[in-house]
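Residues per chain are reported as follows:
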Amino acid sequence: EFDYKLTDKSSFMIRPSFNLGRGDFESFNEFNTRTNLDSTNKGYSRNFGDNDNQTVGTRFLWRQKFNRPGRTMSLSVNLNYSNNESDGFNYSRTDFFKNNLVDSTAIVDQHFLSKNRTMTYAARLSYIEPLGKNFFVEGAYRFTNKTTESEKNTYNRDASGKYSVLDEEYSTNYENTFFTQQAELNFMKQEEKYNISIGASVQPARTESVGRGQDTSYTVTNFTPIARIDYRFSDSKQLRIRYRGKTNQPSINQLMPVNDNSDPLYRVEGNPDLKPEFTHSLSTNYQVNNRMKFSWFNVGLDFSYTQDDIVSKKYYTDEGVQISTYENTNKAVYSFGGRIMYNAPIGNSNFTFNTFTRLGYNNGISYVREQKSFIENETKNLNIFQMLRLTYRNDWAE
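What you see is a predicted model; the values in this text were computed from it and never measured.

Student: Can you lay out the side chain of Glu138 for me, pointing to particular residues and giving the numbers?
Tutor: Here Glu138 lies in strand E6 (residues 135-157). Residue classification places Glu138 among the buried residues on the basis of a relative accessible area of 11%. Residues contacting Glu138, with those up to four places away along its chain left out, are Arg124, Ser126, Tyr127, Ile128, Glu184, Leu185, Asn186 and Met188.

Spelled out as C-alpha cells, the structure:
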C-alpha cells in the first residue's frame, strides 16, 4: 500500500494485490437409485485434473479538500482481473434398469479444457458541499462493469483412442457483461450528538449475454432511498441505523445454458433470461462501553428483503437424473435476525465473562416438478445460537 500526501489538502492511495494458485482435483462416486424398491440406475463416475488460477487487482483513492471548510471531493477506482484454467478428464458408466433388468448403458469418456476470465472495473466520485450550520449535501456517482468469459472445450475419443472429437453439446464459448450505475443525492446534518444522512439513489443495470446462438440483453432500473443515523447519547452510548439497496447480478454458471455431465445423475442448466436481484437492507446497532468497569454491551437487529430473487427449479427424469435450473421468483424472500453481546470482568479478579446470543429467521423459495407441473416450496429456517465463555488472564497466561 502506498499513501502519499501531495499537499495539506490533497492526497492519494494505491493498494495493489495479486494471487497465484495451482492445484489438482480428483473425485470418485458410486451411485444406485431405486424407485419403489426397483432399481432405476446404477453406476460410478470419476473426475480428475489440474487447475491454475491468477488474480490481479488494484485500488486507487484520491482525496481533495478545498479552501471552504467542509467542501471535499474523492475518487475511488477499483480494477480486478481473474483467470481460472482447468485441464481434466471425466469418465462415468451408468446402467439404466427396466423391470430390474439392464435396459441401456451410458458411458462418458471425455477430456475437457476450460477457461474462466473475469474483468471488473468500478469507480465512485463523491462531492460534498457545506450549506451552513453543520448542514451538507453530497452528490455521488458510481459505476461497475463486470465482464465474464467462459470457454469450455470437451472432447470424446476417436477411433484411435485419442481425445480429438469435439462434443458441441458440452462445449461452450460464452460471454456475459454486467454494467450498473448509481447516482445518489444525500443531505447530511452533523452535530455533536448526532449525524443524520437522508437521500435517494437511482440504479440502472444492464446485462448482456452472448454465446451458443442464445444472445440476450435486458435493462432494469431500481430506485431506493438511503438513510443513515448515528446518535451519541454520551461518550459511552451510541445508536446506529442504516438502510441501503443493492443490485446483485446472476453468476455466469446460472446464466450459461450449457449442460455439465460430470455427475451422471445431476445436471445444471443455465437460464440466460435471469434478471439481477435487488436487496433492501436495514440494520440497527446499539452499544454501551463502560470504561470504568471495562464492560461492553452490544445489541443489533437486521432485516433484508430481496426482489427478483434467483431460485432453483428441479425435477427428475424417468431415468432418475435430476435437472436443476434457475429463475427469478416474484415471491417475497426475506430474512431478519438479532444479536446480543456482553463482556465484563468478574469483580476485581482476573476472570472475564462473555456471552453472545444470535437469533435468525429467513425464508427461501424453490420449485420442484410433480408430474408435469412445478410445485412451489417455501422453506422457513429459525436459527438460535448461544455462546458462554469464561476467560482467565494475567500478565503471562490466558
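Don't stop here, the text continues.
Student: Lay out the pattern of salt bridges in plain terms, naming residues and giving numbers.
Tutor: Under the defined criterion, the tally for this structure stands at 23 salt bridges. With its nearest N and O atoms 3.7 Å apart, the salt bridge here joins Arg93 to Asp95. The network of salt bridges with common partners includes Arg124, Glu138, Glu184 and Arg244.

Student: Pulling in residues and values, what's your account of the layout of surface pockets?
Tutor: If you add up the space inside the largest pocket, you get close to 600 Å³. In terms of lining residues, the largest pocket is bounded by 27 residues, among which Lys152, Asn253, Met256, Asp260 and Ser262 are the most central. Of all the secondary structure elements, the ones that give two or more residues to the lining of the largest pocket are strand E4 (72-98), strand E5 (101-132), E6 and strand E12 (266-268). Residue composition of the lining of the largest pocket, grouped by class: 8 nonpolar, 14 polar and 5 charged. Lining the second largest pocket are 15 residues, with Arg142, Thr144, Thr180, Lys246 and Thr247 sitting closest to its centre. Only E6, strand E8 (172-190) and strand E11 (237-248) provide two or more residues apiece to the lining of the second largest pocket. The leading source of residues in the lining of the second largest pocket is E11, at 5 residues. In terms of residue class, the lining of the second largest pocket is made up of 2 nonpolar, 9 polar and 4 charged.

Student: Tell me about the packing of aromatic side chains, and please be specific about residues and values.
Tutor: Counting across every chain of the model gives 21 aromatic pairs. Judged by centre distance (6.1 Å) and plane angle (55°), the ring pair of Phe2 and Phe12 falls under tilted. You can see Phe2 sitting in strand E1 (residues 2-5) and its partner Phe12 sitting in strand E2 (residues 10-35), a full 10 residues away along the chain. Classification of Phe2 by relative accessible area gives partly exposed; the value is 45%. Residue Phe12 is classed as buried on the basis of its relative accessible area, which comes to 16%. Taken together through their ring pairs, the aromatic side chains of Phe2, Tyr4, Phe12 and Phe60 make up a single cluster. Directly above the aromatic system of Phe374 lies the positively charged group of Lys313, at a separation of 4.1 Å from the ring centroid.

Student: With reference to specific residues and values, describe unusual backbone geometry.
Tutor: Positive phi, normally seen in glycine, also occurs at Asn100, with a value near 65°. Of note in this structure, Phe294 is not a glycine but carries a positive phi near 55°. By the element assignment, Phe294 lies in the loop between strand E13 (277-290) and strand E14 (295-307).

Student: Report on the environment of Val202, specifying residues and quantitative values.
Tutor: Within the secondary structure, Val202 sits in strand E9 (residues 194-210). Taking C-alpha positions, Val202 is 31 Å from Val56, a pair spaced 146 residues apart along the chain. Setting aside residues up to four positions removed in sequence, Val202 forms contacts with Gln181, Gln182, Ala183, Thr221, Asn222 and Phe223.

Student: Residues and numbers for the environment of Asn134, please.
Tutor: Relative to the helices and strands, Asn134 is located in the loop between E5 and E6. For the pair Asn134 and Asp95, spaced 39 residues apart in sequence, the C-alpha to C-alpha distance is 75 Å.

Student: Kindly report on the nonpolar core, identifying the contributing residues and their values.
Tutor: If you look at the biggest cluster of nonpolar residues, it comprises 7 residues: Tyr174, Ile252, Leu255, Met256, Leu274, Ile310 and Tyr326. Not counting the four nearest positions on each side in its chain, Tyr326 is found in contact with Asn253, Gln254, Val268, Glu269, Asn271, Leu274, Ile310, Val311 and Ser312. With 5 residues, the next largest nonpolar core counts Phe31, Leu265, Val321 and Ile323 among its residues.

Student: I'd like a description of a nonpolar patch on the surface, backed by residues and values.
Tutor: Where nonpolar side chains cluster on the molecular surface, the patch consists of Phe18, Leu20, Val56, Leu79, Tyr81, Met119 and Tyr121 and spans about 700 Å² of accessible area. Those elements that provide at least two residues to the nonpolar patch are E2, E4 and E5. Looking at where Leu20 falls in the secondary structure, it is placed in strand E2. On the accessibility criterion, Leu20 (65% relative accessible area) is exposed.

Reading guide: rules and limits
In this numbering scheme, every chain counts its residues from 1 along its sequence in written order. Local features in this predicted model are restricted to residues of pLDDT 70 or higher, and side-chain atom pairs are both shown and tallied only at a pLDDT of 80 or more, whereas totals for entire chains, interfaces and linings draw on every residue. Side-chain numbers come from the whole structure's heavy atoms, not from hydrogens or water. Under the scheme used here, helices are H or I runs from DSSP no shorter than 4 residues and strands are E runs no shorter than 2 residues, and both carry numbers assigned from the N terminus. Think of it in three bands: residues with accessible area under 20% of the maximum for their type are buried, residues over 50% are exposed, and the middle band is partly exposed, with areas taken using a 1.4 Å probe on protein chains only. Whether two residues are in contact is decided by their heavy atoms: any pair within 4.5 Å suffices. Salt bridges are defined by distance alone: a side-chain nitrogen of Lys or Arg within 4 Å of a carboxyl oxygen of Asp or Glu. A 1.4 Å probe that fits into a set of points on a 1 Å grid over the protein atoms alone but cannot get out defines a cavity; an open set with protein on both sides within 12 Å along at least five of seven lines defines a pocket, and lining residues are those with an atom within 4 Å of a point. Grid points are joined across faces, edges and corners, and a volume is the space filled by probe spheres set on the points. In this count, Pro and Cys sit with the nonpolar residues alongside Ala, Val, Leu, Ile, Met, Phe, Trp and Tyr, while Asp, Glu, Lys and Arg are called charged and the others, Gly among them, polar. Aromatic rings from Phe, Tyr and Trp, taking only the six-membered ring of Trp, are treated as a pair when their centres fall within 6.5 Å; an angle between ring planes under 30 degrees marks them as stacked, one over 60 as edge-to-face, and anything in between as tilted. The rule for a charge over a ring is simple: NZ of Lys or CZ of Arg within 6 Å of the ring centre, and within 35 degrees of the ring normal. By nonpolar core is meant a set of buried Ala, Val, Leu, Ile, Met, Phe, Trp, Tyr and Cys residues that side-chain atoms within 4.5 Å join together. The patches reported here contain residues having more than 30% relative accessible area and no salt bridge. Joining distances are 9 Å for like charges and 5 Å for nonpolar side chains (Val, Leu, Ile, Met, Phe, Trp, Tyr). Here the open area of atoms and residues is found with the Shrake-Rupley method and a 1.4 Å probe, where only the protein chains shown may cover a residue.

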